[in-house]
Amino acid sequence: MQEILLYAVALPLGVAVGVVGVAGWLHAGEADSSKQRMASGDALAFTTAYLVCHLGLHGTPAGTQLESWEWLLLLVPLAGVLAVADAYTACTWKVRLLAALCFAVLCGWLLVPSFQESPLLWGLGLATSVVALVLSQQRAVRRLSIGPLLVSWVLVGASGVPVLIASANAKFGFFCTAVSAAAGGAFLVRLFPSVRDRWKNSGAILVTSVAFPGILANGHFNNYGEVPVASFVLLALAPLGLLVGVFVSLPQARTWVSVTCGLGSVIAVCVAALWLSWPAITSPAY
Amino acid sequence: MSNVVSRVFVLLTLVATVLGGQGLVAADEYGVDPVHSSVVFRIKHSSMNSVFGMFPNVSGKFSVDGEGAYEVTVGVDSIISGNVGRDRHLKSPDFFSARQFPTIVFKSTQVKRVNDKTLDVAGEVTLRGVTKPVTAKITTATGKGRGGEDRAGIETALKIKRSDFKLGGAGGLSDEVTVLISLQGVKK
């Protein structure tokens, strides 16, 4: 239990607070144009938090044949690198889009195991999810700012834990906890007045867009409980609910209305996912 | 007369071929009879007592003459530990990852006779995609089945470390697992 609390909660939270805090401090005196660079601190924080948990609880792959979820050890850092590169280079939107599409296809290919039925369909679904989540969350963060985004990640990660444990995949639940803890840490840093206004983006969007769907999809592929597939899909796509807040754009609408609608949608989706898997979650453990 | 001689010669040739041909067949090879075989594991829980489980799905071949090879395959999905929830957890990627790695395989690399009833067998076990060397002291016995067929039995106990194969974390379980293997086979 101590090992789980350390690698799934304490270290990811501490890493996120440290890295995001340092990134904010390093760029505190710079112009607003550096906000993108500050946001890259999120990418590093979430990547490191996930790696700390994955390596701490599972270690490096032992055999020559990697399991599909073990590819997250490559894909999550790659997402972080792409996010940092995006922040520090002046690429055109076409180059960024191409890179994002290639990355999504890579995720769809690597994260689906060979034993899964209809692997092509699942791969396409995963790739599409990654793209949809990246585009929607980038839209949401511009309209709603980063706070609701971070809260949505905390909610998705926290909801994923009981669902994944019910599917007999406790380790995947702890991976979700680590991402959730990183989001919580990033949110805590944002409460400091000196950095509050500077967080208008998050480099962690790409990281969470591959981490959550990748972990949840593999929870379904290795589902030994009675958890319906809908629970995994709903949780993986829950951050799309923030778009509801984006589209509630009455001319005189206050931001809190949009934020409430957006977060409310995310909460509703998470509750639905938990409700569908409630019989499995509440079945007696051993 | 020459016809009789030639026929006797042919007959003797045939007899010699049959008797000599028997020497070309493997000395003894027994196919595992899963009904009378058991692969059981024992692990310490919370340093208090041991929990047991077994794999009923076992197949393969072995020999007892000290010259044949051993190849035993266990079906991971057949695991039984007396608790459905625990069985599911054991099959998941937290432990055996049964869907990705559906079998545990042991193959011998060297067999050495110690005495009439004991063999030293060295080999490799492949579990969850990881192959590790293992040695076992095997006791052997032979007999007849109810239908008069030749049968043999082997028994051994191995110790493996869960950490070598990424089989779960700590969680109150000891790293060392004792595997008791008791196989009965029918001569091929």
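The structure presented is a predicted model; accordingly, all values stated were derived computationally and were not measured.

Engineer: Please clarify how the pattern of salt bridges should be interpreted in this entry.
Structural biologist: Oppositely charged side chains may form a pair once their charged atoms are brought near each other. Residue and element names in this part refer to chain B. Considering all chains together, one arrives at 11 salt bridges over all chains under this definition. The partner of aspartate 33 in a salt bridge is arginine 151, and the shortest N-O contact between them spans 3.0 Å. One end of the pair, aspartate 33, is in the loop between β1 (30-32) and β2 (38-45); the other, arginine 151, is in strand β9 (residues 150-161), and 118 residues separate them in sequence. With a shortest N-O distance of 2.8 Å, glutamate 149 and arginine 151 are connected by a salt bridge. Because the salt bridges share partners, they merge into one network encompassing Glu29, Lys61 and Lys188.

Engineer: For this particular structure, what's the right way to read helix α9 (residues 204-221) of chain A?
Structural biologist: The α-helix advances 3.6 residues per turn, and as a result positions three or four apart in sequence lie on the same side. Over its 18 residues, α9(A) extends 25 Å from the first C-alpha to the last, a length consistent with the 26 Å expected when each residue adds 1.5 Å. Of all 18 residues making up α9(A), 18 are buried, and the element is well covered by its neighbours.

Engineer: Looking at this model, I keep getting lost on the confidence of the model for chain A. Mind explaining?
Structural biologist: Low-pLDDT stretches of the model should not have their predicted coordinates read in fine detail. On average, residues of chain A score 90 in pLDDT, and 91% of them are at 70 or above. Within chain A, the element-level pLDDT minimum falls on helix α8 (residues 193-196) of chain A, averaging 68, and the maximum on helix α10 (residues 229-237) of chain A, averaging 98.

Engineer: How do you make sense of the pairing of strand β7 (residues 118-127) of chain B when you look at a structure like this?
Structural biologist: Successive side chains on a regular strand alternate, one facing one side of the sheet and the next facing the other. Residues and elements named next belong to chain B. Of all 10 residues making up β7, seven are buried, and the element is well covered by its neighbours. Here strand β6 (residues 103-115) pairs with β7 via nine bridges, running antiparallel. Note that in β7 the partner of glutamine 110 across the bridge is alanine 122. Taken together, β6 and the strand that follows it, β7, pair antiparallel across an intervening segment of two residues. Judged from the 10 bridges that link them, β7 and strand β8 (residues 130-144) form a sheet pairing that is antiparallel.

Engineer: So what exactly am I meant to see when it comes to the packing of aromatic side chains here?
Structural biologist: Two aromatic rings are characterised by how far apart their centres lie and by the angle between their planes. Taken as a whole and judged by the stated rule, the model has 10 aromatic pairs over all chains. The interplanar angle of 65° and the centroid separation of 5.6 Å between the aromatic rings of Tyr50(A) and Phe175(A) together place this pair among those described as edge-to-face. On the criterion of sequence distance, the pair formed by Tyr50(A) in helix α2 (residues 35-57) and Phe175(A) in helix α7 (residues 170-190) is long-range, its members being 125 residues apart. A relative accessible area of 1% means that Phe175(A) is categorised as buried. Between Phe41(B) and Phe55(B) the ring centres are 5.7 Å apart and the planes differ by 50°, which places this aromatic pair in the tilted class. A residue pair is termed long-range when its members are at least 10 positions apart, and Phe41(B) in strand β2 and Phe55(B) in the loop between β3 (49-54) and β4 (58-62) qualify at 14 residues. When sorted by exposure, Phe41(B) lands in the same class as Phe55(B), which is buried. It is Arg99(B) that lies over the ring of Tyr224(A); its NZ or CZ is 4.3 Å from the centre.

Engineer: Even after reading the chapter, I still don't get helix α5 (residues 119-144) of chain A, so can you show me in this structure?
Structural biologist: Residues and elements named next belong to chain A. The end-to-end C-alpha distance of α5 is 36 Å, a good match for the 38 Å that 26 residues give at a rise of 1.5 Å each. Among all positions in α5, only Gly123, Leu126, Ala127, Ser129, Val130, Leu133, Val134, Ser136, Gln137, Ala140, Val141 and Leu144 are buried. On its buried face, α5 is in contact with α4 (93-110), α6 (146-166), α9, α10, α11 (242-247) and α12 (255-276). Trailing α5 by a residue or two, serine 145 shows a phi angle of about 70°, which is positive.

Engineer: How should I be thinking about the environment of Val40(B) in this particular structure?
Structural biologist: Residue and element names in this part refer to chain B. Tracing the backbone shows valine 40 in strand β2. When its relative accessible area of 22% is taken as the criterion, valine 40 is described as partly exposed. Through-space distance from the C-alpha of valine 40 to that of isoleucine 181 is 6.4 Å; in sequence the pair is 141 residues apart.

Reading guide: rules and limits
Residues numbered from 1 in each chain as written. Chains lettered and ligands numbered in written order. Predicted model: local features only at pLDDT ≥ 70, side-chain atom pairs only at ≥ 80, totals over all residues. Heavy atoms only, no water. Salt bridge = Lys/Arg side-chain N within 4 Å of Asp/Glu carboxyl O. Helix = DSSP H or I, 4+ residues; strand = E, 2+ residues; numbered from the N terminus. Expected span 1.5 Å × (residues − 1). Buried < 20%, exposed > 50% of the residue type's maximum accessible area, 1.4 Å probe, protein only. pLDDT = per-residue confidence, 0-100. Pairing = 2+ DSSP bridges. Phe/Tyr/Trp six-rings, centres within 6.5 Å; stacked < 30°, edge-to-face > 60°. Lys NZ or Arg CZ within 6 Å of the ring centre and 35° of its normal. Contact = heavy atoms within 4.5 Å.

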